[in-house]
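Secondary and tertiary structure notes
Chain residues, written in single-letter form:
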Amino acid sequence: MRHLRNSSNYLTIAELRFSPVAHWLEKIHAIQAAFRVANYVDASAIQSQSLQVEHMDAHKMLVPNVRSAYVFVNKKRTSHFILNSECLTFKTSDYQDIESFLSFFLEGVFIVNKGLGLSTSHRLGMRVLERIVPHKGRPLQNYLASSELHLLQKLGGHTAVAQTEVLHQKKDIQLLNRVKVCAHSGLELPRDIDPADMAFRAHLITYSGPSVFIDSDGYIEKKQRFSFAGIKKNLLEIQALIDQAFEASVGPEIFKDMVMY
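Let us look at the structure shown here. All of these numbers come straight from a predicted model, not from anything done at the bench.

The next point concerns the packing of helix 3 (residues 98-116) against helix 6 (residues 228-249). The description of two packed helices rests on the angle between their axes and on the distance between the axes. Relative orientation of the contacting elements helix 3 and helix 6 amounts to 145 degrees, with a least axis distance of 11 Å. Regarding helix 3 and helix 6, the two cross each other, and that crossing is right-handed. Every residue of helix 6 that contacts helix 3 at Ile 98, Leu 102, Phe 105, Leu 106, Val 109, Phe 110 and Asn 113 is listed here: Phe 228, Ile 231, Lys 232, Leu 235, Leu 236 and Gln 239. Residues of the contact of helix 3 with helix 6, tallied by class, amount to ten nonpolar, two polar and one charged.

Set out below in structure tokens:
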């Protein structure tokens, strides 16, 4: 199953949030140099804007919040790190296996920790986006678990798009699992993900047709002492729960004759 899952995985994300580091931009040149040695040869400054609530007397107001960040990209444009004053995010469209993925992410964490001296983490997450393409002549329904099929079967007729969403908690892990079934679709990305100039596998860009998209977003939100062993342990636990959600979302026929991208 792991080999098949590797080919269905088209974007994987890991994120570490920590206490805001003052004057972090003063250390960005050393961090950039370290990322360049690690083969993230392209670096650029970006700005993102969000809205935050501020209390003005007895009123609440939405105030724009502009945040500076840096992006470090590898030669193939298949992986990049995004760093701001309180968060490091790693994205890759070239997922091979969980061991390699964690190795790459922890390398970035090591570089940032060396530059900024992290002491605690506040949130640790992993998100996996997968696309399932049925074998020619096989209906999409053959690749879905009975729980996902329930609504499709009740409606009857032809369904162009169907989507389910489940929020699940297991110990400290929160998992949001979305399954979207499309009768005909090209490659899709959730609205909250900016692919920038990331390169995806060629067949993902060119293929349009029946697809099942699975978006699994797991995280642990609590203050913890910074530890490489702790980060790895937490991400492996999140990944194990994501695996369970995947198996619960698909039917047994998925492993027999499907092509997974």
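Moving on to unusual backbone geometry. Positive phi, normally seen in glycine, also occurs at Asn 39, with a value near 80 degrees. Examined against the element boundaries, Asn 39 turns out to sit in the loop between helix 2 (28-37) and strand 2 (42-56). The exposure class of Asn 39 is exposed, given its relative accessible area of 53%. With a phi angle near 55 degrees, Lys 171 is a residue other than glycine that sits in the positive phi range. By the element assignment, Lys 171 lies in the loop between strand 7 (161-170) and strand 8 (173-185).

Moving residue by residue along a regular strand, the side chains alternate between the two faces of the sheet. The sheet contact formed by strand 7 and strand 8 spans ten bridges and is antiparallel. Its bridge partner being in strand 8, Gln 163 is matched across the sheet by Lys 180. Linking strand 7 back to strand 8 in an antiparallel pair, the connection comprises two residues, with Lys 171 at a positive phi of about 55 degrees.

Parameters and conventions
Residues numbered from 1 in each chain as written. Predicted model: local features only at pLDDT ≥ 70, side-chain atom pairs only at ≥ 80, totals over all residues. Heavy atoms only, no water. Axes fitted to C-alpha atoms, helices over the stretch in contact; angles between N-to-C directions. Helix = DSSP H or I, 4+ residues; strand = E, 2+ residues; numbered from the N terminus. Left-handed = near helix turned anticlockwise from the far one by under 90°. Contact = heavy atoms within 4.5 Å. Nonpolar A, V, L, I, M, F, W, Y, C, P; charged D, E, K, R; others polar. Buried < 20%, exposed > 50% of the residue type's maximum accessible area, 1.4 Å probe, protein only. Pairing = 2+ DSSP bridges.

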